[in-house]
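Survey of secondary and tertiary structure
Take a look at the letters that make up each chain.
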Amino acid sequence: MKDEKYISEKFVSFCESIDPELDDEIKGDFPQFVIYRNDGEGYYYCKCSACREHYIVPKRAFRSEGIRHNSAGVCRECGEEIRYIAAGKVPALSYYRSSNYVVINSADGDVYLSCVNISQQFSDELGHDWDDISDYDACYRVVEKQRYYLTPGAELKWNRSSTNVWIPVKRFSEPHFMSSFGYSSWIGYKYLGIERLRNSFLKYCCAEEFAEYLHDNRYEFPLITYLQKASRYPILEKLIKSGFEEIVARWLTKDGPRVTFQLRAKTIQKALDLNSDEMDYIRNSSNVADTYRSYLKFRSKLEVSGNFAQRIEKHERFGRAVDNIVDISKLTGLSHEKTMGYIGRQTNGQDTHACSTAWLDYLKQCVKLDYNVRDTAICKPRNLWEAHNRLTKLISNKENTEMNDALVSRINSRKWLEFESGRFVVIQPQSVGEIIVEGKRLDHCVGGYIGEHAAGNTNIMFLRTKARPWKPFYTMEIDNMGVIRQCHGYGNNVPSKHGVPKPQEIKDFEAEYQKYLFRQFSKRLKKSGKVLEKARKTA
């Protein structure tokens, strides 16, 4: 690699300013303006920031064309699309737009990259009086942020410090054009002079073609990362030229599920771990990267028989169900072929992924009920969907029965939570079904607390009127310390769910009930303390 003094000299020559040949390309990225000023004699003095020409336009022409401040139009001199700006409304140092660029240069086969931020403004001086229309002149402020150098076998990077000192950086990463709150943030950039790579050692890296492909497919192009990888791994060029650019794009941008291949391989077959028939199949698919990833997973995890055409047919049918097929085979002891065969016969209008998911769920239900899933009469029911629905209802009833038994066993221990005052009464649910009905009638989520209530981790109570104690009205949650955590009526009292705000009458009753709970809890605490003291003395 060339010494740092040589590299530094090259950078000075390349990076002190933007090449004039790139001026038009940069200017085209920024909005252009015609700034006009009233001369008081029936004319507007105008100047275009695109062509820098001065001209005079009658006021009646502005009126007839509907031109006013900030309206869009076309410059009368150069024909560029512009926006009209009234001179008195242009503030000093007004930055209309800022863009980031990577400027590419090459010399002696090496690549030099300069990362710059370019902003457009309308004055070089603060406090300008703006008396003359010629003072309104768009200029471009260029600030260089990072520099990169690429040569065969090595790459270097420099960051510019706040004191304008160039500091070498070990980590070769994408440029950072700004910092906020002490943290660097990556912002996308445009690249200028990409055709100059043709005169460098990266002339065959397909950067221009790959950039166009990424742009057409709405990928962000991390140019510097790609050039670094292309200088290290020539296989990238071969993959792009062979029609596998989508795989390279997914790998480079990390946009979507991860795709990997052998970077140091010499041939495409070894890089992708595919034979020629498999390469043709994947290259001709509608989504190359996803098909490649899915096919490798299918081939590595499943033992599939048949010729190439038969294996491809099975991949297209069962490719999304690979993980389910593997799990089902482990549970049942069935071969992958028999598992796929059963799924194929049971699809019932569903795709194989949905069918395999239902089958796996059915088998897990069987395990939960202590059924022998190695018995084919159990693991391969004649109608999978009916068997799955039947077990779902059976398990639901079993779980509800167990929770109901636990809830009933705690009814007596919760008697102290019951209360009445005025026209209201607090009662406790007598079954799981009552809590479910409460949630449905009041349109809230109390049903989700059934398990916690049955286990004794919290307490669900019903607030009813004495006149209609059977009708759901308000639902309360009380923790085991006697604190009311929630008290909600229909729709959680949220207007957007057709609920109404909690009335003052309910709030007053809630406060009275809370005082009662605290008194009861204190008594129970003292009683438990005396019991513990007596047990301690007895021991």
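Calculation notes
- Residues numbered from 1 in each chain as written.
- Predicted model: local features only at pLDDT ≥ 70, side-chain atom pairs only at ≥ 80, totals over all residues.
- Heavy atoms only, no water.
- Helix = DSSP H or I, 4+ residues; strand = E, 2+ residues; numbered from the N terminus.
- Contact = heavy atoms within 4.5 Å.
- Pairing = 2+ DSSP bridges.
- Axes fitted to C-alpha atoms, helices over the stretch in contact; angles between N-to-C directions.
- Phe/Tyr/Trp six-rings, centres within 6.5 Å; stacked < 30°, edge-to-face > 60°.
- Buried < 20%, exposed > 50% of the residue type's maximum accessible area, 1.4 Å probe, protein only.
- Lys NZ or Arg CZ within 6 Å of the ring centre and 35° of its normal.
- Expected span 1.5 Å × (residues − 1).
- Polar contact = N/O pair within 3.5 Å; in protein donor to acceptor, adjacent residues only side chain to side chain.
- Core = buried A, V, L, I, M, F, W, Y, C linked by side-chain atoms within 4.5 Å.
- pLDDT = per-residue confidence, 0-100.
- Salt bridge = Lys/Arg side-chain N within 4 Å of Asp/Glu carboxyl O.

Some details on unusual backbone geometry
The phi torsion at R52 lies on the positive side, around 60°, for a residue other than glycine. Within the element layout of this structure, R52 appears in the loop between β2 (43–48) and β3 (54–58). The backbone of D108 sits at a positive phi, close to 55°, despite the residue not being glycine. You can see D108 is positioned in the loop between β6 (97–107) and β7 (110–121).

A few points about the environment of L369
Residue placement: L369 occurs in the loop between α14 (352–368) and α15 (376–379). Linking L369 and I395, residues 26 residues apart in sequence, is a C-alpha distance of 7.9 Å. If sequence neighbours within four positions are ignored, L369 has contacts with L391, L394, I395 and K398.

So, the sheet that holds β2
Sheet strands line up and pair through hydrogen bonds in the backbone, either parallel or antiparallel. Read from one edge to the other, the open sheet built from five strands follows the order β3-β2-β1-β5-β4, with strand pairing classed as mixed. Strand pairing shows two members of the sheet lacking a second neighbour, β3 and β4 (72–74), which therefore form its edges. The sheet shows a mean angle of 40° between the axes of neighbouring strands, direction not considered. Bridging between strand β1 (residues 33–38) and β2 involves five bridges; their strand directions are antiparallel. Directly across from R37, in β2, lies its bridge partner Y45.

Regarding the packing of aromatic side chains
Under the counting rule described, the total for this entry stands at 23 aromatic pairs. Ring plane angle 35° and centroid distance 5.0 Å describe the contact between F210 and Y226, whose orientation is recorded as tilted. Linking F210 in helix α4 (residues 207–216) with Y226 in helix α5 (residues 223–232), this pair joins segments that are 16 residues apart in sequence. Judged by centre distance (6.1 Å) and plane angle (15°), the ring pair of F424 and F473 falls under stacked. With a gap of 49 residues between them, F424 in strand β15 (residues 424–427) and F473 in the loop between β16 (459–465) and β17 (474–478) connect regions that are remote in the sequence. Accessibility expressed as a relative area gives 3% for F424, which makes it buried. The class for F473 is partly exposed, based on a relative accessible area of 27%. Taken together, the aromatic side chains of F419, F424, F473, Y474, F509, Y513 and Y516 make up a single cluster linked through ring pairs. Seen from the ring of Y44, K59 lies directly overhead, with NZ or CZ sitting 5.7 Å from the centre. Stacked on the ring of W166, the Lys or Arg R147 has its end atom at 4.2 Å from the ring centre.

Side note on helix α16 (residues 384–409)
Over its 26 residues, α16 extends 38 Å from the first C-alpha to the last, a length consistent with the 38 Å expected when each residue adds 1.5 Å. Along α16, the residues that are buried comprise L384, A387, H388, L391, I395 and L407. Those residues of α16 hidden inside the fold are in contact with α13 (336–345), α14, α17 (432–442) and α18 (450–455). The backbone nitrogen of W385 lies 3.2 Å from a side-chain oxygen of the residue at the head of α16, namely N383.

Structural notes on the nonpolar core
Within the largest apolar cluster, 53 residues are counted, with the highest numbers of intra-cluster contacts made by L113, F210, Y226, L227, F244, I247 and L272. In contact with Y226, other than residues within four places in its own chain, are C205, C206, A207, F210, F221, L236, I240 and L252. By size, the runner-up hydrophobic cluster in this structure holds 25 residues, among which are F298, F318, I328 and C355.

Focus: the confidence of the model for the chain
For the chain, per-residue confidence averages 85 on the pLDDT scale, and residues scoring 70 or more make up 87% of the total. Within the chain, the lowest mean pLDDT, 43, falls on strand β12 (residues 183–185), and the highest, 96, falls on helix α8 (residues 268–272). A low-confidence stretch, residues 179–185 (pLDDT under 50), is modelled with six contacts involving residues beyond four sequence positions or located in other chains.

Concerning the pattern of salt bridges
Evaluation of the coordinates by the stated rule reveals 19 salt bridges. For the salt bridge of E278 with R299, the shortest nitrogen-to-oxygen distance reads 3.2 Å. Linking E278 in helix α9 (residues 276–283) with R299 in helix α10 (residues 288–301), this pair joins segments that are 21 residues apart in sequence. Of the residues examined, E278 reaches a relative accessible area of 5% and is grouped as buried. Owing to a relative accessible area of 31%, R299 belongs among the partly exposed residues under this scheme. Put simply, D273, E278 and R299 are held in one network by salt bridges that share partners.

Remarks on the pairing of β15
Summarising the sheet, strand β14 (residues 419–421) and β15 pair through three bridges and their orientation is antiparallel. Looking across to β15, one finds that S421 is bridged to F424. Here β14 hands over to β15 after two residues, with G422 in that stretch at a positive phi of 60°.

Remarks on the sheet that holds β16
Read across the open sheet, the five strands follow the order β14-β15-β16-β17-β18; overall the sheet is antiparallel. Looking at strand neighbours, the two that pair on one side only are β14 and β18 (484–488), the edges of this open sheet. Strand-to-strand, the axes of this sheet are offset by a mean angle of 20°, without reference to chain direction. Both β15 and β16 contribute to a ladder of four bridges, which runs antiparallel. Following the sheet pairing, I427 is matched in β16 by F462.

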